[in-house]
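One-letter residues, chain by chain:
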Amino acid sequence: MSGAARPGGVQALDAALGLLTALAARGGPVSLTELARECGMPASKAHRYLASFQAAGLVAQAGRSGKYDLGPGAAALGVAAMARHDMVNRAADGLPELCAETGMTALLSVWGSEGATVVRWERAAAPLVTSMGLGTALPLLTSATGRVFLAWAPEAVTAAQLDAELSRARANPGILGELDPTRAGTTALAARIRARGHATVDGRYIPGLVAVAAPVLDWQDEVQAAVTLVGTDPAAIGPDGAPVARLQAFCRGLSVRAPCCGAAEEKG
């Protein structure tokens, strides 16, 4: 843990909140010793912080083990925070500006009963000739939007559609281009997309059109929505293209990220 407090912060509070954040990140009950070690503070100090959180209902101790976990107060705060953070509406409100800045058509998609579904469409000044529009369900493997859900949605959510698309691809060799039409191939594709932070498709799937998409993530790093830019210039979706950087910044600004355990420890 860092030895310096954040500017304008209170060292003791920063350290206590860092401890709570580390507890939340563990995903289950954890011992006092483990938690103190992870946050780089003496167990006696960690115990004092946890006792205060326990009194406030933010932390609870689990049965005979004495391990600590988040309490009902933490759950209530989480629900309240989620209710106040409407990522989809915020993303929709920002599409006109994103479209104007990049010169590309922008669309917002969420996961629906038919898969990745377009719920908002903001057209660029230069019109696109395409049959896509509101309510269009996009494929997982051959659309930038679908690939975002492939990479960041829980596997259980996308499994049925993925199996169906892989089955069609095996029956129609070449439909996926060079992509290996197996679970191993799509797992590798998802890993590459996560590493880049965005997904792209070129004109091989929709002749004349290119697209780049990025995720709006919740606090579990799972996709809540995908924002996609569609255009005709292949250079726009390249790694050095300005639209890609603008899109990623736009989506990062909408995403909810849990802070790391990096609060400063109180001296003394």
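Note that the structure is predicted; figures quoted are calculated from it, not measured. Within each chain, residues carry numbers counting from 1 in the order of the written sequence. Owing to the predicted nature of the model, reporting of local features is limited to residues with pLDDT of at least 70; listing and counting of side-chain atom pairs is limited to 80 or more, with chain, interface and lining totals taken over all residues. Derived side-chain values reflect all non-hydrogen atoms in the structure, with water molecules and hydrogen atoms excluded from consideration.

Points about the nonpolar core
The tendency in soluble globular proteins is for nonpolar side chains to be buried as a group. By size, the foremost hydrophobic cluster in this structure holds 32 residues, and its most contacted members are Leu-141, Val-148, Phe-149, Leu-150, Trp-152 and Val-223. Helix and strand labels come from DSSP, where a helix needs a run of H or I of at least four residues and a strand needs a run of E of at least two; each type is numbered from the N terminus. The dominant element in this core, judged by the number of residues it contributes, is helix α6 (residues 144–152), at six residues. The contact rule is simple, with two residues in contact once any of their heavy atoms fall within 4.5 Å. Setting aside residues up to four positions removed in sequence, Leu-150 forms contacts with Leu-140, Leu-141, Leu-162, Thr-186, Leu-189 and Ala-190. Buried residues of nine kinds, namely Ala, Val, Leu, Ile, Met, Phe, Trp, Tyr and Cys, make up a nonpolar core once their side-chain atoms join them within 4.5 Å. Note on classification: 1.4 Å probe, protein chains only; a residue is buried when its accessible area is under 20% of the maximum for its type, exposed when over 50%, partly exposed between these limits.

Describing the environment of Gly-40
Following the sequence through the fold, Gly-40 ends up in the loop between α2 (32–39) and α3 (43–55). According to the relative accessible area criterion, Gly-40 is partly exposed, its value standing at 39%. Measuring from C-alpha to C-alpha, the distance between Gly-40 and Ala-15 comes to 9.8 Å, with 25 residues separating the pair along the chain.

Thoughts on the environment of Val-157
Tracing the backbone shows Val-157 in helix α7 (residues 155–171). Judged by its relative accessible area of 39%, Val-157 is partly exposed. Separated by 42 residues in the primary sequence, Val-157 and Gly-115 have C-alpha atoms spaced 9.1 Å apart.

Digging into unusual backbone geometry
Although it is not a glycine, Asp-221 sits at a positive phi angle of roughly 60°. Among the secondary structure elements, Asp-221 is positioned in the loop between β7 (210–217) and β8 (223–231). You can call Asp-221 partly exposed: its relative accessible area is 38%.

Comments concerning the pattern of salt bridges
Criterion for a salt bridge: a side-chain nitrogen of Lys or Arg within 4 Å of a carboxyl oxygen of Asp or Glu. Enumeration over the complete set of coordinates arrives at three salt bridges. In this structure, the salt-bridge partner of Glu-101 is Arg-246, at a minimum N-O distance of 2.2 Å. Within this pair, whereas Glu-101 is found in helix α5 (residues 87–102), its partner Arg-246 is found in helix α9 (residues 242–254), the two being separated by 145 residues in sequence. Residue Glu-101 is classed as partly exposed on the basis of its relative accessible area, which comes to 43%.

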